[in-house]
Amino acid sequence: MTQAAIPAAKAAEAFQRLHGRTPEGVWSAPGRVNLIGEHTDYNDGYVLPFALPHRIAVAASPRADGVLTVSTLGDDGGVQDAAPAVVADLVPGTVKGWAAYPSGVAWALREQGIGVTSGADLVIAGDVPAGAGLSSSHALECAVALALLGLAGVDAERPDIARWVQRSENAFVGAPTGILDQTASLCCVEAHALFYDVRSGKSEQIPFDAAASGLEVLVVDTRASHSHVDGGYGARRAGCERAAGILGVPALRDVDIAELDDALVRLPEELRPLVRHVVTENDRVLRTVDLLRAGKLADIGPLVSASHASLRDDYRVSCLELDVAVDSAMEAGALGARMIGGGFGGSAIALVPVERHDAVERSVLAGFSSRSLTRPRLFTAVPSAGAGRDR
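For clarity, every value in this text was computed on a predicted model and none was experimentally measured. (Residues numbered from 1 in each chain as written. Predicted model: local features only at pLDDT ≥ 70, side-chain atom pairs only at ≥ 80, totals over all residues. Heavy atoms only, no water.)

Comments concerning the nonpolar core
Our working definition: Each nonpolar core is a collection of buried residues, namely Ala, Val, Leu, Ile, Met, Phe, Trp, Tyr and Cys, held together in the definition by side-chain atoms within 4.5 Å. Only protein chains enter the area calculation, which uses a 1.4 Å probe; residues under 20% of their type maximum are buried, those over 50% are exposed, and those in between are partly exposed. A run of DSSP states H or I qualifies as a helix once it reaches four residues; a run of E qualifies as a strand once it reaches two. Both are numbered from the N-terminal end. Any two residues having at least one pair of non-hydrogen atoms within 4.5 Å are treated as being in contact.
Val-33, Leu-48, Leu-122, Leu-134, Leu-148, Ile-161 and Phe-208 are the most contacted members of the largest nonpolar core, which totals 84 residues. Examining the composition of this core, we find that 11 residues originate from one element, helix α3 (residues 136–152), more than from any other. Those residues in contact with Leu-134 that lie beyond four places of it in its chain are Gly-31, Arg-32, Val-33, Leu-52, Val-128, Pro-129, Val-219, Ile-340, Ser-347 and Phe-379. Ala-244, Leu-274, Val-326 and Val-352 belong to the second-largest nonpolar core, a separate cluster that totals 41 residues.

Considerations on empty space enclosed by the protein
Quick note on the threshold: Using a 1 Å grid laid over the protein atoms alone, points where a 1.4 Å probe fits but cannot get out form a cavity; open sets with protein on both sides within 12 Å along at least 5 of 7 lines form a pocket; any residue with an atom within 4 Å of a point counts as lining. Grid points are joined across faces, edges and corners, and a volume is the space filled by probe spheres set on the points.
Applying the stated rule across the entire model yields one cavity of 30 Å³ or more. In this structure, the largest cavity encloses a volume near 30 Å³. In this structure, the largest cavity is lined by Leu-35, Val-217, Val-304, Gly-336, Ile-349, Ala-350 and Leu-351. No other element matches strand β11 (residues 346–353), which puts three residues into the lining of the largest cavity.

Some points on the UniProt feature "domain: GHMP kinase C-terminal" (unreviewed entry) in the protein
Using the following cut-off: UniProt positions are given in the numbering used here, feature names are shortened, and annotations may be inferred rather than shown by experiment.
The UniProt record annotates "domain: GHMP kinase C-terminal" (unreviewed entry) at residues 290–361. The distance from the first to the last C-alpha atom of residues 290–361 is 29 Å, and the span holds 47% helix and 17% strand.

Quick word on the pattern of salt bridges
Keep this limit in mind: One speaks of a salt bridge when a side-chain nitrogen belonging to Lys or Arg is within 4 Å of a carboxyl oxygen belonging to Asp or Glu.
A complete count under the given rule lists 20 salt bridges for this structure. With a shortest N-O distance of 2.3 Å, Asp-160 and Arg-163 are connected by a salt bridge. With a gap of three residues between them, Asp-160 and Arg-163 both fall in helix α4 (residues 158–173), about one helical turn apart. Between Arg-253 and Asp-197 there is a salt bridge; the shortest N-O distance is 2.8 Å.

Here we look at the pairing of strand β2 (residues 46–62)
Applicable threshold: Should DSSP find at least two bridges between two strands, the strands are regarded as paired.
Burial of β2 is extensive: 16 of the 17 residues sit out of reach of the surface. As defined by bridge partners, strand β1 (residues 25–36) adjoins β2 across 10 bridges and the pair is classed as antiparallel. Within β2, the residue paired with Asn-34 across the bridge is Pro-49. Relative to strand β7 (residues 192–197), β2 runs antiparallel, the two sharing two bridges. If you follow Val-47 over to β7, its bridge partner there is Tyr-196.

Encoded structure:
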């Protein structure tokens, strides 16, 4: 059994055990790594994610009484049950904690007029590390969305599903996230990165087979947990919107790299670093895509590292653990390294020649140990398939 198939098998087995019947279906969605393009999605910019083999699976069957039940299988085999909810009664603020994520998806689909009010039994299992900046919450939401749509017999377009999931997280969960993670989880394909233009919705699958070039993307889960439901992420997003208003543009995506210096002098000092990061990061995405199209995978390393420096110094969303991961990887021969995700914790990635894997791993572990930091988890990220039905 492949790694990607394990969560689906666990969800189906747990459903059978808890409900005494076989689920009508099992759907799953992956976590993601964003190769480059951080904090650009909610600025109408460009992103370049790829899907992980790690997935969240949802085994599901319909009900007839309008009730949504949700159970989640823990790593220890234990089951946690959410309080049953009546789908027709769901409104923002009525469900708290982890159960808000699947409940919010049911609410968002109901608001779209999709027939989910008859209810459903959902059992969740997965192996996307939570709090690691690998989009475990979006993988959960996308898998739930596909499950509920499948039970309702609705075949929706993936970009529409991504927007519904985003609405559930923004309005129901209360996290001001963009649309990068949902789109990556739903739309990525194996051995490719997804070049996505958030404003236009246009996408292109860019070949990204690191192994064929003698490279790998090493993920360092710092185990420094992060959350989007806090002031740091929201404050930066609000700052970007304020800066766009001052500059008289719909979004910071409309500030060209050649116009950056002129734009910065028109802004208050506190907004300049945010704008500088977004504009230069969009440019780095475009340059990275050009290199990948040309098959020059090793040449993207400096752009990856420049992204981290910008996130650390201008956007100010890094932390000690992320900086140690990046610096230690670079000292041991990584071609480029950066934090990924919203920041304030989570994971970093390093583009590593295969022959330097062991040296980079030793360097990262030593860097954490020397600072008495929690031992990180390291694994190689392989671009994998997006969300779908497993059985």
